[in-house]
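Structure at a glance
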Amino acid sequence: MATPSKLLLAFCATLVGVFAVSARAPRQHAHAAATGFDYVINGGFEENVDGWTLLPANGIERDPADPSAGNPSAKILIPDAGHFTLKPSLVKGVAAGTYAFHASIRHSAAVEIDIDVCSTHLCPQRICSSCIVNGNDAWFDVSRSVQLDQTDHLTISIIGIGAAGDTVNIDDVRLTGPPPVTSTPTATITELPPPADTPPPLTTP
(Lines give C-alpha, C1' and ligand atoms only; values in the text may rest on other atoms or scores of the structure.)
Protein backbone atom coordinates (compact mmCIF):
# COMPACT_ATOMS: atom_id res chain seq x y z
CA MET A 1 0.00 0.00 0.00
CA ALA A 2 1.34 3.40 -1.02
CA THR A 3 2.13 5.78 1.79
CA PRO A 4 0.83 9.40 1.71
CA SER A 5 4.35 10.65 0.98
CA LYS A 6 4.67 8.35 -2.03
CA LEU A 7 1.26 9.44 -3.31
CA LEU A 8 2.30 13.08 -2.96
CA LEU A 9 5.53 12.44 -4.87
CA ALA A 10 3.62 10.68 -7.64
CA PHE A 11 1.12 13.55 -7.85
CA CYS A 12 3.95 16.13 -8.09
CA ALA A 13 5.68 14.08 -10.79
CA THR A 14 2.44 14.02 -12.78
CA LEU A 15 2.11 17.79 -12.51
CA VAL A 16 5.72 18.29 -13.64
CA GLY A 17 5.08 16.10 -16.67
CA VAL A 18 1.92 18.00 -17.59
CA PHE A 19 3.63 21.39 -17.34
CA ALA A 20 6.65 20.16 -19.30
CA VAL A 21 4.44 18.99 -22.16
CA SER A 22 2.52 22.29 -22.09
CA ALA A 23 5.74 24.28 -22.23
CA ARG A 24 7.02 22.33 -25.23
CA ALA A 25 3.74 22.38 -27.12
CA PRO A 26 3.64 25.07 -29.85
CA ARG A 27 1.09 27.84 -29.57
CA GLN A 28 -1.73 27.93 -32.05
CA HIS A 29 -0.98 30.29 -34.92
CA ALA A 30 -2.86 33.53 -34.40
CA HIS A 31 -3.61 34.02 -38.11
CA ALA A 32 -6.65 31.80 -37.72
CA ALA A 33 -8.15 34.17 -35.16
CA ALA A 34 -7.44 37.35 -37.11
CA THR A 35 -10.44 39.29 -38.40
CA GLY A 36 -10.44 41.82 -41.22
CA PHE A 37 -8.02 42.30 -44.09
CA ASP A 38 -4.32 41.80 -43.31
CA TYR A 39 -2.13 44.46 -44.93
CA VAL A 40 1.23 42.90 -44.00
CA ILE A 41 2.81 40.88 -46.81
CA ASN A 42 4.59 37.70 -45.65
CA GLY A 43 3.98 38.53 -42.00
CA GLY A 44 4.56 34.91 -40.96
CA PHE A 45 7.80 34.51 -42.94
CA GLU A 46 6.46 31.55 -44.86
CA GLU A 47 8.19 33.03 -47.94
CA ASN A 48 11.63 33.38 -46.37
CA VAL A 49 12.20 37.07 -45.49
CA ASP A 50 10.88 38.37 -48.81
CA GLY A 51 9.32 41.82 -48.61
CA TRP A 52 11.08 42.77 -45.36
CA THR A 53 13.66 45.54 -45.03
CA LEU A 54 16.22 45.61 -42.20
CA LEU A 55 18.31 48.68 -41.38
CA PRO A 56 21.25 48.31 -40.99
CA ALA A 57 21.09 45.53 -43.59
CA ASN A 58 22.56 42.02 -43.63
CA GLY A 59 21.40 40.86 -40.21
CA ILE A 60 18.16 38.98 -40.84
CA GLU A 61 17.49 35.36 -41.67
CA ARG A 62 14.61 32.91 -41.66
CA ASP A 63 14.74 30.72 -38.56
CA PRO A 64 12.84 27.45 -39.13
CA ALA A 65 13.95 25.99 -35.80
CA ASP A 66 12.54 28.68 -33.51
CA PRO A 67 8.85 29.12 -34.36
CA SER A 68 6.28 30.91 -32.24
CA ALA A 69 3.43 28.80 -33.55
CA GLY A 70 4.88 25.84 -35.36
CA ASN A 71 5.98 28.06 -38.26
CA PRO A 72 9.19 29.86 -39.24
CA SER A 73 10.16 33.21 -37.76
CA ALA A 74 12.67 35.95 -38.60
CA LYS A 75 15.89 35.97 -36.61
CA ILE A 76 17.63 39.35 -36.34
CA LEU A 77 21.20 39.86 -35.18
CA ILE A 78 21.65 43.23 -33.44
CA PRO A 79 24.57 45.00 -35.18
CA ASP A 80 27.50 46.85 -33.64
CA ALA A 81 25.43 50.05 -33.67
CA GLY A 82 23.20 48.47 -30.99
CA HIS A 83 19.89 48.98 -32.77
CA PHE A 84 17.90 47.88 -35.82
CA THR A 85 14.72 48.85 -37.68
CA LEU A 86 12.63 46.20 -39.40
CA LYS A 87 9.93 47.16 -41.93
CA PRO A 88 7.44 44.92 -43.78
CA SER A 89 5.96 45.43 -47.22
CA LEU A 90 2.32 46.48 -47.06
CA VAL A 91 -0.68 46.37 -49.35
CA LYS A 92 -1.51 49.83 -50.69
CA GLY A 93 -4.85 51.57 -50.42
CA VAL A 94 -5.32 51.70 -46.64
CA ALA A 95 -8.81 52.90 -45.75
CA ALA A 96 -9.46 55.28 -42.89
CA GLY A 97 -10.46 53.45 -39.72
CA THR A 98 -9.34 51.51 -36.66
CA TYR A 99 -6.82 48.73 -37.15
CA ALA A 100 -5.41 45.93 -34.99
CA PHE A 101 -1.64 45.45 -34.94
CA HIS A 102 -0.08 42.20 -33.73
CA ALA A 103 3.43 40.78 -33.53
CA SER A 104 5.04 37.86 -31.69
CA ILE A 105 8.51 38.70 -30.35
CA ARG A 106 11.12 36.61 -28.53
CA HIS A 107 14.55 37.46 -27.12
CA SER A 108 16.64 36.10 -24.30
CA ALA A 109 18.66 39.22 -23.45
CA ALA A 110 17.55 42.70 -22.42
CA VAL A 111 16.27 44.32 -25.63
CA GLU A 112 13.97 47.33 -25.90
CA ILE A 113 11.31 47.03 -28.61
CA ASP A 114 9.48 50.10 -29.98
CA ILE A 115 6.87 50.02 -32.75
CA ASP A 116 5.95 53.00 -34.95
CA VAL A 117 3.20 53.32 -37.55
CA CYS A 118 3.33 56.16 -40.05
CA SER A 119 0.59 57.20 -42.49
CA THR A 120 0.18 60.33 -44.60
CA HIS A 121 -1.20 62.67 -41.92
CA LEU A 122 -0.57 60.63 -38.75
CA CYS A 123 3.18 60.22 -38.59
CA PRO A 124 4.73 58.90 -36.54
CA GLN A 125 2.45 57.09 -34.13
CA ARG A 126 4.39 55.17 -31.49
CA ILE A 127 1.89 52.43 -30.77
CA CYS A 128 4.26 50.56 -28.46
CA SER A 129 7.08 52.07 -26.41
CA SER A 130 9.49 49.73 -24.62
CA CYS A 131 7.05 46.88 -25.29
CA ILE A 132 9.52 44.27 -24.16
CA VAL A 133 12.72 45.01 -22.25
CA ASN A 134 13.79 42.04 -20.15
CA GLY A 135 13.44 38.91 -22.23
CA ASN A 136 13.18 35.51 -20.61
CA ASP A 137 13.57 33.39 -23.75
CA ALA A 138 9.77 33.21 -24.16
CA TRP A 139 7.45 34.49 -26.85
CA PHE A 140 5.45 37.65 -26.16
CA ASP A 141 2.40 38.77 -28.11
CA VAL A 142 2.20 42.52 -28.73
CA SER A 143 -1.32 43.69 -29.67
CA ARG A 144 -2.30 47.31 -30.15
CA SER A 145 -5.17 49.30 -31.67
CA VAL A 146 -4.20 52.07 -34.09
CA GLN A 147 -6.20 54.77 -35.87
CA LEU A 148 -5.22 55.43 -39.50
CA ASP A 149 -6.24 57.83 -42.21
CA GLN A 150 -6.67 56.81 -45.84
CA THR A 151 -3.23 56.49 -47.41
CA ASP A 152 -1.07 54.74 -49.98
CA HIS A 153 2.05 55.53 -47.95
CA LEU A 154 1.79 53.46 -44.76
CA THR A 155 4.92 52.20 -43.00
CA ILE A 156 5.42 50.01 -39.93
CA SER A 157 8.76 50.14 -38.09
CA ILE A 158 9.77 47.56 -35.48
CA ILE A 159 12.74 49.07 -33.65
CA GLY A 160 15.06 47.05 -31.44
CA ILE A 161 17.72 48.43 -29.11
CA GLY A 162 20.16 46.14 -27.35
CA ALA A 163 23.70 44.83 -27.13
CA ALA A 164 25.57 43.98 -30.32
CA GLY A 165 25.39 40.27 -31.04
CA ASP A 166 22.10 39.64 -29.25
CA THR A 167 19.30 38.11 -31.30
CA VAL A 168 15.59 38.83 -31.61
CA ASN A 169 12.98 36.57 -33.21
CA ILE A 170 9.84 38.08 -34.75
CA ASP A 171 6.80 36.26 -36.17
CA ASP A 172 3.11 36.64 -37.00
CA VAL A 173 3.17 40.36 -37.80
CA ARG A 174 -0.29 41.58 -38.81
CA LEU A 175 -2.19 44.79 -39.40
CA THR A 176 -5.87 43.94 -39.85
CA GLY A 177 -8.78 46.22 -40.58
CA PRO A 178 -11.13 47.39 -43.34
CA PRO A 179 -10.44 46.15 -46.88
CA PRO A 180 -8.24 48.26 -49.17
CA VAL A 181 -9.63 51.24 -51.00
CA THR A 182 -9.61 50.79 -54.76
CA SER A 183 -9.03 53.94 -56.73
CA THR A 184 -11.85 54.86 -59.11
CA PRO A 185 -10.55 55.87 -62.52
CA THR A 186 -11.44 59.41 -63.50
CA ALA A 187 -13.51 59.69 -66.66
CA THR A 188 -11.81 61.70 -69.35
CA ILE A 189 -13.93 63.68 -71.79
CA THR A 190 -12.43 63.56 -75.23
CA GLU A 191 -13.24 66.51 -77.45
CA LEU A 192 -14.70 65.54 -80.79
CA PRO A 193 -13.07 67.05 -83.87
CA PRO A 194 -14.96 69.93 -85.40
CA PRO A 195 -17.32 68.92 -88.20
CA ALA A 196 -15.89 69.04 -91.68
CA ASP A 197 -16.85 71.99 -93.85
CA THR A 198 -20.09 71.22 -95.66
CA PRO A 199 -19.95 72.11 -99.34
CA PRO A 200 -22.57 74.62 -100.47
CA PRO A 201 -25.69 73.08 -101.94
CA LEU A 202 -25.83 72.73 -105.70
CA THR A 203 -27.91 75.35 -107.42
CA THR A 204 -29.82 74.74 -110.65
CA PRO A 205 -29.33 77.46 -113.25
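Let me sum up the structure you'll find in this document. Residue numbering note: each chain is counted from 1, following its sequence as written. Two thresholds apply to this predicted model, a pLDDT of at least 70 for residue-level local features and 80 or more for giving and counting side-chain atom pairs, whereas whole-chain, interface and lining totals are computed over all residues. The side-chain quantities take in all heavy atoms of the structure and omit both hydrogens and water.

Cysteine sulfur atoms that pair up within 2.5 Å are treated as a disulfide. Within this structure, the stated rule accounts for 2 disulfides. Here cysteine 118 connects covalently by a disulfide to cysteine 123, the sulfurs 1.6 Å from one another. Residues cysteine 118 and cysteine 123 are joined by a disulfide whose S-S torsion is about -95°; by sign, that bridge is left-handed. The rule is simple: take the accessible area with a 1.4 Å probe, protein chains only, and divide by the maximum for that residue type; under 20% is buried, over 50% is exposed, in between is partly exposed. On the basis of relative accessibility, which here comes to 47%, the residue cysteine 123 falls in the partly exposed class. Bridging cysteine 128 to cysteine 131, the disulfide has an S-S length of 1.4 Å. Classification of cysteine 128 as buried rests on a relative accessible area of 2%. Judged by relative accessible area, which is 23%, cysteine 131 ranks as partly exposed. Taken N- to C-terminal, the disulfide-bonded cysteines of the protein chain are connected 1-2, 3-4.

The next thing to look at is the pattern of salt bridges. Any two side chains of opposite charge can pair, so long as their charged atoms come close to each other. Salt bridge criterion: a side-chain nitrogen from Lys or Arg within 4 Å of a carboxyl oxygen from Asp or Glu. Following the criterion strictly, the structure yields 3 salt bridges and no others. The partner of aspartate 116 in a salt bridge is arginine 126, with the nearest N and O atoms 2.7 Å apart. Here aspartate 116, found in strand S7 (residues 112-118), pairs with arginine 126, found in strand S8 (residues 125-128); they are 10 residues apart in sequence, far enough to count as distant. When the shortest N-O distance is used, the salt bridge between aspartate 172 and arginine 174 registers 3.0 Å. For the pair aspartate 172 and arginine 174, one class covers both residues: buried. Through salt bridges with shared partners, a single ionic network connects Asp114, Asp116 and Arg126. Helical segments are the DSSP runs of H or I of at least four residues, strand segments are the runs of E of at least two, and each set is numbered from the N terminus.

Here we take up the environment of asparagine 58. Turning to its location among the elements, asparagine 58 is positioned in the loop between strand S2 (52-55) and strand S3 (60-63). Spatially, the C-alpha atom of asparagine 58 lies 9.2 Å from that of isoleucine 76, the residues being 18 residues apart in sequence.

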